[in-house]
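A structural walkthrough
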Amino acid sequence: MPADVALLKEVPLFAALDDEERALLAAQLEEVHLRASEKVFSRGDPGGAIYIVSSGEVQISVEDTTGQVIVFETARRGDFFGELSLLDGDPRSADARAIQDTCALKVDRADLQLLFQRHPSSAMDVLTAIGRRLREADKMLHSRPTLSPNEMVEERLTTIQRLADGLAAFSGTFTFMLLHAAWFAAWISINLGWVPLLHPFDPFPFGLLTMVVSLEAIFLSCFVLISQSRQAAKDRIRSDVEYEANIRAGMEVTQLHTKLDHLYAQTMARLDAVERARHPTPPRPGTATSTPG
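Conventions and cut-offs
- Residues numbered from 1 in each chain as written.
- Predicted model: local features only at pLDDT ≥ 70, side-chain atom pairs only at ≥ 80, totals over all residues.
- Heavy atoms only, no water.
- Helix = DSSP H or I, 4+ residues; strand = E, 2+ residues; numbered from the N terminus.
- Buried < 20%, exposed > 50% of the residue type's maximum accessible area, 1.4 Å probe, protein only.
- Contact = heavy atoms within 4.5 Å.
- Areas by Shrake-Rupley, 256 points an atom, 1.4 Å probe, with all protein chains shown as cover.
- Polar contact = N/O pair within 3.5 Å; in protein donor to acceptor, adjacent residues only side chain to side chain.
- UniProt positions renumbered as here; feature names shortened; annotations may be inferred.
- Pairing = 2+ DSSP bridges.
- Axes fitted to C-alpha atoms, helices over the stretch in contact; angles between N-to-C directions.
- Phe/Tyr/Trp six-rings, centres within 6.5 Å; stacked < 30°, edge-to-face > 60°.
- Lys NZ or Arg CZ within 6 Å of the ring centre and 35° of its normal.

**Considerations on the overall build of the chain**
Along its length, the chain carries 9 helices and 8 strands. With 293 residues in all, the chain has 28% of them scored as buried. In the chain, once contacts between residues fewer than 6 apart in sequence are set aside, the share between residues at least 24 apart is 71%. A total of about 19600 Å² of accessible surface is found on the chain, and carbon and sulfur atoms cover 60% of it.

Take a look at the structure:
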């Protein structure tokens, strides 16, 4: 059925065309009906056509390396999508799924070639609209965070957490042990009277030293536990990311097996058809054959 010329006026891609050009293009378009949750195309599918939403909504999204779904946009009436594959004919670079019952107009390369042959000036209008769309996508990609999950956690640290990490890291060093050895040696030497110029202030059995060391151990252990809790949280984040990556890899392997099985079935069916065409089955004995009269 013919496409609605009025709809093409609402599409930014064809807004600059005149009525004659839109009428010519509308006569070539194909109408596509989609049910809710039905995929229009998937990433990697053959391209070569764009879609214009007449009614309903279509979600355009991709999956990043961790399997997280990134939604680019939700196309509604007058919006178009799938324009990259229209330019170069390469496979689709994103997924498109109808989120409700949708009607769309399909514009393939042959339709635009006919339009460009009869109206060459319309090519610049189409390229201008597509260039604007590519710039918007580029801005969206540049605005996404490039930090790893652990780096994002580091940005949200409080002063206490940073102090805990620093103390926990310093307490496990050789310098920390040497400082305490020198401190204990000086404390004991002074309070045993081995330093004549200094008066003992904590005689044997060094009760003050025992209390100071106990308090230090309590506070230091608390800081170490805080740091260990943070490390455990970082390990959980890392495990979640690895789990999502493994799930995504497994899904891709499963899809690859499915595609190979489908390709194998199609190949065997075609080979069987070719074999039957080359060696037709002979008629059974006793079967009556008609002769031209």
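Once the structure has been displayed, the description carries forward.
**Thoughts on the side chain of S42**
Relative to the helices and strands, S42 is located in the loop between β2 (39-41) and β3 (49-55). A distance of 3.2 Å separates the side chain of S42 from the side chain of K39, its partner in a polar contact. Apart from residues no more than four positions distant in its own chain, S42 is found in contact with R92, A94 and D95.

**Looking at the UniProt feature "transmembrane region" (unreviewed entry) in the chain**
In the numbering used here, UniProt assigns the "transmembrane region" (unreviewed entry) feature to residues 166-186 and 206-226. Along residues 166-186 one finds 90% helix and 0% strand; the C-alpha atoms at either end are 26 Å apart. Its end C-alpha atoms 31 Å apart, residues 206-226 is made of 95% helix and 0% strand.

**Details of the sheet that holds strand β7 (residues 95-98)**
What the 4 strands build is an open sheet, ordered β2-β7-β4-β5; its pairing is antiparallel. Two strands lie at the open edges of the sheet, namely β2 and β5 (69-75), each paired on one side alone. If you compare each strand with its neighbour and ignore which way they point, the axes differ by 30 degrees on average. When β2 meets β7, the two strands line up antiparallel, connected through 2 bridges. Residue F41 lies in a different strand from β7, and its bridge partner there is A96.

**Digging into the packing of aromatic side chains**
Tallied over the full model, the rule gives 8 aromatic pairs. Geometrically, the ring pair formed by Y51 and F81 is stacked, given 5.6 Å between the ring centres and 15 degrees between the ring planes. In this pair, Y51 sits in strand β3 while F81 sits in strand β6 (residues 80-81), placing the two residues 30 residues apart along the sequence. Across the pair, exposure class does not vary: Y51 and F81 are buried alike. On the basis of an interplanar angle of 70 degrees and a centroid distance of 5.0 Å, the ring pair of W187 and F201 is categorised as edge-to-face. One end of the pair, W187, is in helix α8 (residues 174-191); the other, F201, is in the loop between α8 and α9 (207-278), with 14 residues separating them in the sequence. Given the relative accessible area of 12%, W187 is considered buried. Put simply, the rings of W183, F184, W187 and F201 pair up and form one aromatic cluster. In this structure, R92 is placed above the aromatic ring of F41, and the distance from its NZ or CZ to the ring centre is 4.1 Å.

**Comments concerning the sheet that holds strand β8 (residues 102-108)**
On the basis of which strands lie adjacent, the open sheet formed by 4 strands has the order β1-β8-β3-β6 and antiparallel pairing. Sheet topology places β1 (30-34) and β6 at the edges, where each strand pairs with a single neighbour. When β3 meets β8, the two strands line up antiparallel, connected through 6 bridges. Each residue of the ladder has a partner; that of A49, found in β8, is D108.

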